[in-house]
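Observations on the three-dimensional arrangement
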Amino acid sequence: MRFTGLPSDAVPALMTGVITSHPSVAGRADAYLPSPCIQNHAANLAFLRDGTLTCVWFGGTMEGMGDISIYMSRLAPGSERWSEPEKMSDDPEKSEQNPLIFNAPDGTTWLLYTSQTSGNQDGSVVKCRISDDGGKSFGPVRILCDSPGTFVRQQIVVNGRGDWLLPVFRCVGLNGQRWSGDADTAAVLISRDGGASWQMHDIPDSTGAVHMNILPLGGDDMIAFYRNRFAESILSSRSCDGGETWSAPEPTELPNNNSSIQATMLNDGSIAMVYNHSNTNTSDARRQSLYDEIEGGEAGEATVVTDFGRKAVWGVPRAPLSLAISRDGGKSFPDRIDLDTGDGFCLSNNSKDLLNREFSYPSIIEGSDGTLHMAYTYYRRAIKYVRLAPQSRP
């Protein structure tokens, strides 16, 4: 199955939040979430305890700018329309990015996100807001991790001992230069006291491995998947002690273009992965860095290290947007469909002039009835939602 993207200028009129059946694919329905923003990016899905499906993302003028804030839209049980978005953060001097929702074992609901100045990811800190009423309202902004350069993207996992595992990546500056991603590494923040305090545990030999996505496999066994800064393949590593320690990330059979991925464990024990099926071998398109369109950036506050000699790869097209299934614990992903196809042009983040045509930063979650819910960036103009019935899976 292949699904072709729309013309860029047609997207804004579709951002009504109304879910409509796909015209040619049985069991599939789509929606474009409403937003007041020119740019919308980095969606994450989560169910609240009452069954409401939430989508959080960041929106504003352009990633890295001071008007970038966190937004949340809700899909109530039985509804066929996403709600108008709520603005969840509003620091006019910070670019607030990469939100996620976590339903904690103690009944609270957490909103986490990053906060940085301009394009300086090596100065980012992690902030949070906590809800005591099931996600209906959230308390004041708190600092969760103030170690400069700490970034989040994927969900918190609770292991069998009750420890909270928050996968992070550490954005590192090189020789006082503006951050470009060359030396980023992976780590896990572990809390043993219900989120009151956190300890950083670095992943060995993880330079270039970011957006760590942890999945429990049963008992103390876990697998993690990573975005690859060098745009070669999705990486993976394993833990056999409940996420305390991890093997070094190694290549998988799936390609990666230095863009986000997300995987989830399904009710039947298989793993569903959403990602871009592309890498450096599929295109020679390149850009200088993620923030080369933002002026005035300076080196951040993180520890500066010497040149690693290898450069992060930016600009590989972010398309197609694909869904793959593994039935052997993440060792292989033989079954795949494309959710959206096009040229995936991402040499510009400009949404105002409709220059970007990427499908990226996917999120995926399974409902209790086996329905797959997915959301992702559509041309950096909208967040697109796709719902797949069980019979429509690959």
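In this text the structure is predicted, and so the values were computed from the model without any measurement. (Residues numbered from 1 in each chain as written. Predicted model: local features only at pLDDT ≥ 70, side-chain atom pairs only at ≥ 80, totals over all residues. Heavy atoms only, no water.)

Moving residue by residue along a regular strand, the side chains alternate between the two faces of the sheet. Strand β3 (residues 39-47) sits mainly inside the fold: 8 of its 9 residues count as buried. Hairpin geometry of β3 and strand β4 (residues 53-60) is characterised by an intervening segment of 5 residues between the two adjacent antiparallel strands and by a positive phi of about 95° at Gly51. (Buried < 20%, exposed > 50% of the residue type's maximum accessible area, 1.4 Å probe, protein only. Helix = DSSP H or I, 4+ residues; strand = E, 2+ residues; numbered from the N terminus. Pairing = 2+ DSSP bridges.)

Moving on, we get to the environment of Met62. Of note, Met62 is situated in the loop between β4 and β5 (69-75). In this structure Met62 comes out as buried when scored by relative accessible area, which is 13%. Along the sequence, Met62 and Met88 sit 26 residues apart, while their C-alpha atoms lie 18 Å from each other. Apart from residues lying up to four places away in sequence, Met62 is in contact with Gln39, Asp67, Ile68, Glu293, Ile294, Asn349 and Asn350. (Contact = heavy atoms within 4.5 Å.)

What follows deals with the side chain of Asp182. With respect to the element layout, Asp182 can be found in the loop between β14 (173-174) and β15 (185-191). On the basis of relative accessibility, which here comes to 2%, the residue Asp182 falls in the buried class. Of note is the side chain of Asp182, whose polar atom sits 3.2 Å from the side chain of Ser180. Within the structure, the side chain of Asp182 is placed 2.9 Å from the backbone nitrogen of Ala312, a separation counted as a polar contact. What Asp182 contacts, discounting residues up to four positions off in sequence, is Leu174, Thr207, Phe230, Arg310, Lys311 and Ala312. (Polar contact = N/O pair within 3.5 Å; in protein donor to acceptor, adjacent residues only side chain to side chain.)

Within the secondary structure layout, Asn40 lies in strand β3. Expressed as a C-alpha distance, the spacing of Asn40 and Thr185, which sit 145 residues apart in the sequence, is 26 Å. Not counting chain neighbours up to four residues away, the residues in contact with Asn40 comprise Met15, Ser35, Trp57, Phe58, Gly59, Thr377, Arg380, Arg381, Ala382 and Ile383. A polar contact of 3.3 Å, which involves the side chain of Asn40, links it to the backbone oxygen of Cys37. A polar contact of 2.9 Å, which involves the side chain of Asn40, links it to the side chain of Trp57.

Once that is clear, we can look at the confidence of the model for the chain. Put simply, the chain has an average pLDDT of 94, and 95% of its residues get 70 or more. In this model residues 297-302 is a low-confidence stretch, pLDDT under 50, and it forms 18 contacts with partners more than four residues away in sequence or in other chains. (pLDDT = per-residue confidence, 0-100.)

Another point: the sheet that holds strand β2 (residues 28-32). The strands making up a sheet associate through backbone hydrogen bonding, with each pair oriented either parallel or antiparallel. Taken in spatial order, the 5 strands make up an open sheet running β1-β2-β28-β27-β26, and their pairing is antiparallel. Two strands close off the open sheet at either side, each with one partner strand: β1 (20-21) and β26 (359-366). Note that β1 and β2 share 2 bridges and pair antiparallel. In the strand pairing of β2, Thr20 is matched with Asp30.

Looking now at the nonpolar core. Ranked by internal contacts, the top residues of the largest apolar core, which has 22 residues, are Leu323, Leu339, Met374 and Leu388. If you list the elements that add at least two residues to this core, you get β22 (271-276), β24 (321-326), β25 (335-340), β26, β27 (372-378) and β28 (382-388). Broken down by element, this core gets its largest block of residues, 4 residues, from β27. Once residues lying within four places of it in the same chain are set aside, the contact partners of Met374 are Leu45, Val274, Leu323, Leu339, Ser363, Ile364, Lys384, Tyr385, Val386 and Leu388. Formed by 18 residues, the second largest nonpolar core is a distinct cluster that contains Leu144, Cys145, Val168 and Leu189. (Core = buried A, V, L, I, M, F, W, Y, C linked by side-chain atoms within 4.5 Å.)

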